[in-house]
Amino acid sequence: MDQIIVQGGAELRGEIPIAGAKNACLTLMPATLLTDEPLTLTNAPRLSDIRTMTALLGSLGAEVAALQDGRVLALSSHDLTSHRADYDIVRRMRASILVLGPLLARDGVAEVSLPGGCAIGARPVDLHLMALERMGAELDLRDGYVHARAPSGGLRGAVVEFPLVSVGATENALMAATLARGTTELRNAAREPEIVDLARCLRRMGARIEGEGGGTITIEGVDRLRGATHPVVTDRIELGTYMLAPAICGGEVTCLGGRIELLEAFCERLDAAGIHVEESPRGLTVARRNGRVSAIDVTTAPFPGFPTDLQAQIMALLCTAEGVSHLEETIFENRFMHAPELARMGARIEVHGGRATVTGVERLRGAPVMATDLRASVSLILAGLAAEGETIVRRVYHLDRGYEHVEEKLAAVGARIERTREGEAAHG
Ligand code: EPZ
């Protein structure tokens with residue numbers, strides 16, 4: 001397995017290109033199942049999760065060609081050969097559940113393995129199933145699979161009231177509703193930019209959607225959708241992650257393609273911590289306003305609140321802030337696994353349930369640490385950038401799920417970072 005070795009202390013200067021959003025691409029790709037015409041996605045990120053979704057769609061009979069070094073995905077599901085998403089793929093990536101709604105809407109039948117939990121929580125899919133049942137689907141949960149059937153006339157429009165905000169359930173219901181008979185209203189829908197991006201792509205395909213980005217989305221079902229070409233929206237989580245690099249270790253970095261509108265709550269917290277963010281046509285330029293950052297409080301929430309996917313990363317920043325910071329994780333039940341690893345680097349963090357108290361220290365010290373999930377792994381790299389000495393982050397396969405060539409992007413702005421095989425010393 002690979003590991004990443006970071007020598008801390010370098011200030012960062014330069015530009016980092018931000019890729020298309022993993023969490024947009026993972027819901028845009030299953031949209032190919034809604035039409036037998038070609039769907040082309042540009043600005044696609046090159047990530048292992050994208051390759052897993054490609055394999056899943058391939059197992060259903062869809063064709064996915066990665067063109068231009070993976071930046072363009074040409075998808076076609078003209079002839080499906082299966083409606084079964086096997087456990088061996090679904091267990092590798094929970095977003096596989098997003099083929100359920102499209103398969104039901106297209107052919108009225110789907111057999112999708114229930115995704116297991118993951119490191120950050122139980123991750124149930126009951127809201128996905130509730131929405132589809134409201135639209136007439138008959139669901140039978142057995143042997144670890146959802147066996148789903150639409151009524152003979154197909155799914156029908158319905159009012160779906162989500163008791164809590166769910167990104168994936170909103171996406172599954174939104175895609176299914178585009179081909180349902182009649183009008184669907186999704187209430188308390190997720191408002192993330194990835195949902196807005198999906199709605200824009202579906203509209204390009206001929207869907208009739210209103211209200212995305214607000215709490216209620218209304219969809220008029222149509223008989224069929226056509227192919228389209230759609231650019232994947234910028235990845236706001238990759239953006240926020242790299243904005244924290246100069247914040248943590250000094251210098252000035254411009255994140256190309258970044259826009260404040262993707263991360264308003266996050267940028268407000270950075271400002272409160274003493275980090276200056278400047279927007280220009282090229283992107284977002286980030287630098288500390290003065291020496292040490294100030295302690296702040298952070299509470300995660302559904303968009304437009306502070307993103308849970310940036311909680312681990314901002315905790316790394318606050319480990320060396322002046323003062324005591326309080327973080328509250330309200331979305332997932334177990335998303336502080338980076339805390340004990342940061343503590344190995346000298347961080348002072350107390351975790352009680354969904355709350356963490358971080359008492360800033362002058363400097364962290366490099367240490368061997370273990371990545372546990374996608375966002376925790378990158379927070380350890382951020383901490384390593386500012387730490388004294390060498391940090392070795394193991395199990396970086398978590399990282400490759402959501403970040404393209406993280407060591408190359410950071411080395412290009414002056415970080416002393418490299419990827420080696422586990423057990424090999426640094427070469428540089
Ligand atoms: C999406 O996951 C993202 N993944 C996650 O990013 C992100 O953290 C999450 O949204 C929240 O923003 C993708 O888009 C592929 P949810 P999702 O349904 O859709 C509970 C990353 O690092 N819930 O909004 O699975 C659930 O347990 C990943 O890129 C139910 O109870 O998240 C959680 O507590 C991690 N029943 C809360 O809702 C359901 O049926 C929010 O989950 C569905 C969810």
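Heads up: the structure comes first, above all this text.
Residues numbered from 1 in each chain as written. Predicted model: local features only at pLDDT ≥ 70, side-chain atom pairs only at ≥ 80, totals over all residues. Heavy atoms only, no water.

Caption draft 1: Representation of the sheet that holds strand S7 (residues 109–113). A sheet is described by the order of its strands in space; here four strands give the open sequence S6-S7-S9-S8, paired in mixed fashion. The two strands at the open ends of the sheet, each matched to only one other strand, are strand S6 (84–85) and strand S8 (138–142). As judged from the five bridges shared by S8 and strand S9 (residues 145–149), these two strands associate in the antiparallel manner. In the sheet register, Arg142 faces S9, and the bridge partner there is Tyr145. Relative to S7, helix H4 (residues 100–107) is tilted by about 165°, and along the sheet it contacts S7 and S9. (Pairing = 2+ DSSP bridges. Helix = DSSP H or I, 4+ residues; strand = E, 2+ residues; numbered from the N terminus. Contact = heavy atoms within 4.5 Å. Axes fitted to C-alpha atoms, helices over the stretch in contact; angles between N-to-C directions.)

Caption draft 2: Layout of unusual backbone geometry. In this chain, Phe303 is followed by Pro304 through a cis amide linkage whose omega measures 10°. Phi at Asp143 is positive, roughly 40°, even though this residue is not glycine. By the secondary structure assignment, Asp143 is in the loop between S8 and S9. Asp143 gets classed as exposed once you look at its relative accessible area, which sits at 57%. The backbone of His405 sits at a positive phi, close to 45°, despite the residue not being glycine. Assignment of secondary structure puts His405 in the loop between helix H13 (397–400) and helix H14 (406–411). (Buried < 20%, exposed > 50% of the residue type's maximum accessible area, 1.4 Å probe, protein only.)

Caption draft 3: Inspection of the site of the ligand at higher detail. Around the ligand lies a shell of 21 residues, among which Asp126, Leu127, Ser166, Asp309 and Ile331 are the nearest. Contacts to the ligand include Asn23, whose side-chain N or O atom sits 3.0 Å from an oxygen atom. Note that an oxygen atom of the ligand is positioned 3.4 Å from one of the side-chain N or O atoms of Arg335. The protein chains hide 86% of the 830 Å² of surface that the ligand would expose on its own. For the shell around the ligand, the secondary structure elements donating two or more residues are helix H1 (22–28), helix H5 (126–134), helix H6 (167–177) and helix H12 (374–386). Among the elements that make up the shell around the ligand, the one with the highest residue count is H5 (three residues). Classifying every residue of the shell around the ligand gives ten nonpolar, five polar and six charged. (Near = heavy atom within 4 Å. Polar contact = N/O pair within 3.5 Å; in protein donor to acceptor, adjacent residues only side chain to side chain. Areas by Shrake-Rupley, 256 points an atom, 1.4 Å probe, with all protein chains shown as cover. Nonpolar A, V, L, I, M, F, W, Y, C, P; charged D, E, K, R; others polar.)

Caption draft 4: Region of the structure containing the environment of Ala10. The residue Ala10 is located in the loop between strand S1 (2–7) and strand S2 (12–17) in this model. Sequence separation between Ala10 and Ala415 is 405 residues; the distance between their C-alpha atoms is 5.9 Å. Ala10 has contacts with Cys249, Leu385, Gly414 and Arg416, leaving out every residue within four places of it along the chain.

Caption draft 5: The arrangement of the sheet that holds strand S14 (residues 228–231) in detail. Taken together, the four strands give an open sheet; going across it, the order is S4-S5-S3-S14, and neighbouring strands pair in mixed fashion. One side of each edge strand has no neighbouring strand; the edge strands of this open sheet are strand S4 (63–67) and S14. Each neighbouring strand pair of the sheet contributes to a mean axis angle of 15°, computed without reference to strand direction. Where S4 lies against strand S5 (residues 72–76), five bridges are found, and the strand directions are antiparallel. Along S5, the bridge assignment pairs Leu67 with Val72. The strands touched by helix H7 (residues 193–204) are strand S3 (39–42) and S14; relative to S14, the strand with the most contacts, the crossing angle is about 160°.

Caption draft 6: Expanded view of the state of the cysteines. Across all of its chains, the model carries zero disulfides by this definition. With no disulfide of its own, Cys249 has Cys255 as its nearest cysteine by sulfur position, at a separation of 12 Å. Judged by its relative accessible area of 9%, Cys249 is buried. (Disulfide = S-S within 2.5 Å.)

Caption draft 7: Layout of the pattern of salt bridges. With the rule as written, the count across this model stands at 29 salt bridges. Arg46 serves as the salt-bridge partner of Glu404, at 3.6 Å between the closest nitrogen and oxygen. Here Glu404, found in the loop between H13 and H14, pairs with Arg46, found in the loop between S3 and helix H2 (48–59); they are 358 residues apart in sequence, far enough to count as distant. Owing to a relative accessible area of 3%, Glu404 belongs among the buried residues under this scheme. Residue Asp107 is joined to Arg106 by a salt bridge in which the shortest nitrogen-to-oxygen separation is 3.5 Å. You can call Arg106 partly exposed: its relative accessible area is 21%. Each of the salt bridges in this network shares a partner with another, and the network as a whole consists of Asp2, Asp400, Glu407, Arg419 and Arg421. (Salt bridge = Lys/Arg side-chain N within 4 Å of Asp/Glu carboxyl O.)

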